[in-house]
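# Understanding the architecture of this molecule
One-letter residues, chain by chain:
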Protein chains: 4
Amino acid sequence: MIGVAVIGYGYWGPNLVRNFAEVPGVRLAAVCDLNKERLAPVKARYPSVAITDNYDEILSDPSISAVAIATPVSSHFKLAMAALMAGKHVFVEKPIASSAEEAERLVEEAARRGLVLAVDHTFVHTGAVRKMRELVDNGLGEMYYYDSVRVNLGLFQHDVSVIWDLAVHDLSIMDYVIQHKPVAVSATGISHVPGEPENIAYLTLFFETNLIAHIHVNWLAPVKVRRTLVGGSNKMIVYDDLEPSEKIKVYDKGITLNGDQKANGEKVYQALVGYRSGDMWAPHLDVKEALSTELREFAQCIEQSSTPIADGRAGLRVVRILEAATQSLAQRGRVIELEKIRRVA
Amino acid sequence: MIGVAVIGYGYWGPNLVRNFAEVPGVRLAAVCDLNKERLAPVKARYPSVAITDNYDEILSDPSISAVAIATPVSSHFKLAMAALMAGKHVFVEKPIASSAEEAERLVEEAARRGLVLAVDHTFVHTGAVRKMRELVDNGLGEMYYYDSVRVNLGLFQHDVSVIWDLAVHDLSIMDYVIQHKPVAVSATGISHVPGEPENIAYLTLFFETNLIAHIHVNWLAPVKVRRTLVGGSNKMIVYDDLEPSEKIKVYDKGITLNGDQKANGEKVYQALVGYRSGDMWAPHLDVKEALSTELREFAQCIEQSSTPIADGRAGLRVVRILEAATQSLAQRGRVIELEKIRRVA
Amino acid sequence: MIGVAVIGYGYWGPNLVRNFAEVPGVRLAAVCDLNKERLAPVKARYPSVAITDNYDEILSDPSISAVAIATPVSSHFKLAMAALMAGKHVFVEKPIASSAEEAERLVEEAARRGLVLAVDHTFVHTGAVRKMRELVDNGLGEMYYYDSVRVNLGLFQHDVSVIWDLAVHDLSIMDYVIQHKPVAVSATGISHVPGEPENIAYLTLFFETNLIAHIHVNWLAPVKVRRTLVGGSNKMIVYDDLEPSEKIKVYDKGITLNGDQKANGEKVYQALVGYRSGDMWAPHLDVKEALSTELREFAQCIEQSSTPIADGRAGLRVVRILEAATQSLAQRGRVIELEKIRRVA
Amino acid sequence: MIGVAVIGYGYWGPNLVRNFAEVPGVRLAAVCDLNKERLAPVKARYPSVAITDNYDEILSDPSISAVAIATPVSSHFKLAMAALMAGKHVFVEKPIASSAEEAERLVEEAARRGLVLAVDHTFVHTGAVRKMRELVDNGLGEMYYYDSVRVNLGLFQHDVSVIWDLAVHDLSIMDYVIQHKPVAVSATGISHVPGEPENIAYLTLFFETNLIAHIHVNWLAPVKVRRTLVGGSNKMIVYDDLEPSEKIKVYDKGITLNGDQKANGEKVYQALVGYRSGDMWAPHLDVKEALSTELREFAQCIEQSSTPIADGRAGLRVVRILEAATQSLAQRGRVIELEKIRRVA
């Protein structure tokens, strides 16, 4: 049995506790929160689970081999690094850390010690996103674009911009779905609350191939939208997370190019670009709770010394983009090369 | 009676002919097209209308006091300038010209001669867009953002990018709806057909006030979207042009700021930003054909020496943004100040 | 060449004229309307077509071998019967006649003379309805139900109830899509305009098999709905005619029955009924104009002495249901056996 | 403090327990279930609450003054009657009983003893339904129709038809929203599982005024629909319970009648019926949990000897319609007068 401790029992911690309690091979050993009063319901519901406000107790407990960190982002690095140095496997909420440098150091430390480092990119464990990946791998053809909109009213954050709060979802999904990795980013945005971070932002991601990605995030929209378009040379996908079912629709649509016929003048060009319009198809999706799937995978990676889908490197790739986007945002969209932010992964 | 000639009888010309034939105070005098065969149906339906493939005949006809130009963009400047120099009032398809310089010269010439110069920004004459303007003027509060998406599959143009083809609609609508004028633009995009202009583009427009605008245009999308979000400090609008009715929805939603309470720490901040969520309202819209309204306005401006809603200056402002966006696009989103492109208006 | 005359140039007649003018093998010979002034545009556009307000001229013209009747329903029988007796093939607007008896006499007369009698059930020539039929024939399994809603605001008719105006569409579509024919009908409804026919009605159709059909029609609805659900033992269809594309969606959903396991008690029952939920699929549809397809078929049937998809018998079956529903409506839903209304077909 | 016992801890009981525990003035005293094992989590979470499998203990406990019954319908009457006879106030799941006769006897017993008898018509405590009632009372004008569709795939019941399972919701909502009460019902339907009750049904309800109601319920639909249209002479409502917000839309649409101008012929008729089309409006709705509101109202009625919105008489009216509809269903829609089923209320 893998002894697991959950660190932080605020908004997300209870979900981790509830799910870890059901993972085969895992023993939920302890829950830790600085505010010990929050932990009373844990004791009531899980009498055998230890509760504490002292993180050191967790780190020094040899029966605990893994920690799951669900605290504010600013503390991720410190808590995760301490756990790794204590020889614990680590599962961290997204984003994995506050900067690419911090993320890199976690990745290096985990690698050096042969420990599992996972980041909670929950969406990559949903049926919808897994199906998207499957479609991208098989049948979408050459990747043309990835366009995502994630807007709603609230909840304004004080310490981070809308990019760190909302775009992190899109970036983690895209990191999983598309094999290609971006090389540069341009971001624009605005803050409507004096002295506070941006509440609207637009990111363009550039790739080495003929692919473009764009993410629109907004805390101040009158309607809620969660929609991603993925264009390939053979098929195109619409992923609408607000659809109760049919979240993924695959369109057998696109253009056909007849490269060899190219010549001068419009007529020939119009012959060059043709349009295909075929069936639409909404595959049935697995509806298992993503978090449950994810925690089982984490346990399995510990048992088998394997690498989780969303490992520390995935967490780092996402944070690197967030950091670059933040720099670009401050300069009205100046392109930031990700390489300048990269060190390790 | 104002004698009017329609120049160009391709895709849009027939709509101009059909509508001018019904405008009170206008006499549809002639239709001109280089391909005279196209004009046969005009003769059949409107026996009293002259048809010709010789533009000079139009220019030298003293009974014709206005021309409406519906030819390819590349010819707008030459045809419109010739008409102005011949003392004719001019109505031109959008975009008004191929460059800001051309547009400026048309604006100057029309001003010098006291002639009406109108550009066919058709949407600004729809009930939906007029209602948006009315709402922005009364009740929306301080303008926060303008976000528009105009995507579908096809029709790829050969000579111009998707910006000149699709974003021109959004820019002309925004120019009318919002009093503030942008000062700079950043545009990113991509072409998926080798050697051809961009078929996907994203524009961010910067303003001197705390306002941002963004336009997403795409010829290669699996679904058709025509949706604009307009955020104000008091209310927000969703304009969905594909809705059969209820194209405009007004949301009594937003944030409230209590600036004086600001202090350190998250708790105070969350008190600072509050969320309002009230009724939604879809005003009944005028459903008259926009083109008819527009041509009546053109006739009236000629009669009363007044300025059309979409005058040459509006056409110029839009072309200036298109030109700046095209420059930015070539430099992966580098900000282009519109002032550097401005000369006259 | 088949000489065709169009009778009635009101709302629908111009569509028949425009389409017949393009049908290969057809010569549009004449257009007849009691109000001769209406016919001026015909002469202008089709100089070779004769215009007349005298139906007898049409009937006595040996160069005319078919007539298409687009007059008010009350005149269908008289005009169609006269044409058949004059040896003309006949195409009639729906409903084919004002009563089952009239419809039967037309069917008999056409059969006796070996003439083509077609009814303008336009929808059965759309890509969507043809695809539904194809799906029902292949893959839907045993037919379970057919449920249709056709509601909107207006246009109230004075002489007939909403059943004759709107349900006639659903009945003609259902007659084509489903092989089974109903045996009885129960209809309820109401009129909200004193002294006028029902503006809301609900029809239930009973069959000999384990199938039920229901149609809801309403002239006084705040929203427009055109939606049909078709349930089969293997698959189910949603046909939404207001969808711009994807009008037909096929759901691989349903129940599974394990008949042999049946026993007492709820537990066994719940094991008995299982639920399947698979992919959804929206087949690409043919978008050719239905009326054009239909008129070509009419011409072909004349040439080849074959039977149109929507022949007089189809028209009769629909009118018989309309008549029975009208009787039922007057008796608050009393079941009317169609056999009591049936004589011929 | 009102001592309350919850009877039945299956699907719905836990919701009652969770909510009663929060109602001011209520002491959750006991939970009773025949299967005592189910009650373990109650003890864990609410240590002070008694648990028992012996209903008599509840009835004989003088500290318990009210019971909430969440058991299968077939047991409602027996349990509720025993509670009333023991002098307890009663809250029963819907439908209140298995027959109108049972419901009447409960109503009579509660009246005789001056006890509160409430039925759990949960929907009438939602913000959406309360708003509908408010609109019907103020501004909708004369009631024209009430049309409701409640369809989805599953969950087939073994002991009752789809009417008792799904239409009970619509009937309880309609009973609350519309002041008028139906006088007769016609129902049609079908079963697709041999030997089992109907899984599709259509109910028409007749009133003494010029109003009609219709309910479509279906366990075998490929899509989930929860949509009600309410037509009045001044305004019309669309209530879509699946909309995340904007569940209620009010349309300023309808017809206008000019009764005095009536004359012969169609032209005059068309002048008679005019169409109005104004704004649409989606009022902001209260989002408090309905069950919480409902249980607070129940407690208040006990304290103040007042009558709940959904009292025993409301429960009876609904059951009477269910019973009549069941009779009609067996006779292919024969009209059943509700008076023949009525005795008390």
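Residues numbered from 1 in each chain as written. Chains lettered and ligands numbered in written order. Predicted model: local features only at pLDDT ≥ 70, side-chain atom pairs only at ≥ 80, totals over all residues.

### Here's the deal with the interface of chain A and chain B
Applicable threshold: Two residues qualify as being in contact provided that their C-beta atoms, derived from the backbone, are within 7 Å of each other. Counting from the N terminus, the helices are DSSP H or I runs at least four residues long and the strands are E runs at least two residues long. For this classification, the nonpolar set comprises Ala, Val, Leu, Ile, Met, Phe, Trp, Tyr, Cys and Pro, the charged set comprises Asp, Glu, Lys and Arg, and every other residue, Gly included, is treated as polar.
At the interface, 38 residues of chain A touch 38 residues of chain B. The biggest single contributor to the side of chain A that touches chain B is strand S11 (residues 220-232) of chain A, with six residues. Class assignment for the residues of the side of chain A that touches chain B results in 25 nonpolar, ten polar and three charged.

### Brief notes about the environment of Phe20(C)
All names here are of chain C. Inclusion rule: Every C-beta atom is placed from the backbone, and the number of other C-beta atoms within 10 Å of a residue's own sets its class: buried at 20 or more, exposed at 12 or fewer, partly exposed in between.
Looking at the element boundaries, Phe 20 is found in helix H1 (residues 13-20). Given 28 C-beta atoms within a 10 Å radius, Phe 20 is considered buried. What Phe 20 contacts, discounting residues up to four positions off in sequence, is Val 4, Val 6, Val 26, Leu 28, Ala 68 and Leu 295.

### Describing the sheet that holds strand S3 (residues 50-52) of chain A
All names here are of chain A. The line we're drawing: DSSP bridges decide pairing: two strands pair if at least two such bridges lie between them. Throughout, an axis means a line fitted to C-alpha atoms (over the contacting stretch in the case of helices), and angles, computed between N-to-C directions, take values from 0 to 180 degrees.
A sheet is described by the order of its strands in space; here six strands give the open sequence S3-S2-S1-S4-S5-S6, paired in parallel fashion. A strand with exactly one partner marks an edge of an open sheet, and here the two such strands are S3 and strand S6 (117-120). In this sheet, neighbouring strand axes are inclined to one another by 20 degrees on average, regardless of whether the strands run parallel or antiparallel. Both strand S4 (residues 66-69) and strand S5 (residues 89-93) contribute to a ladder of four bridges, which runs parallel. Looking at S5, one finds that Ala 66 is bridged to His 89. This element, helix H9 (residues 290-304), spans strand S1 (2-7), strand S2 (26-32), S4, S5 and S6 of the sheet and lies at about 175 degrees to S6.

### A closer look at the domain arrangement of chain A
Residue and element names in this part refer to chain A. As a reminder, the rule being used: Annotation comment: domain bounds sourced from an automatic or database domain assignment.
Here the domain parsing of chain A yields domain 1 (2-123 + 290-307) and domain 2 (124-288 + 321-339). Its C-alpha centre places domain 1 at a distance of 30 Å from the equivalent point of domain 2. With twelve residues of domain 1 at the contact, the number on the domain 2 side is 14 residues. If you tally residues by element for the side of domain 1 that touches domain 2, the top one is H9, at four residues. Looking at the side of domain 1 that touches domain 2 residue by residue, the classes come out as five nonpolar, five polar and two charged.

### Quick look at helix H6 (residues 127-137) of chain D
Those residues of H6(D) lying buried are Ala128(D), Val129(D), Arg130(D), Lys131(D), Met132(D), Leu135(D) and Val136(D). Of the surrounding secondary structure, the elements contacted by the buried residues of H6(D) are helix H7 (162-177), strand S11 (220-232), strand S12 (236-240) and strand S13 (248-257) of chain D.

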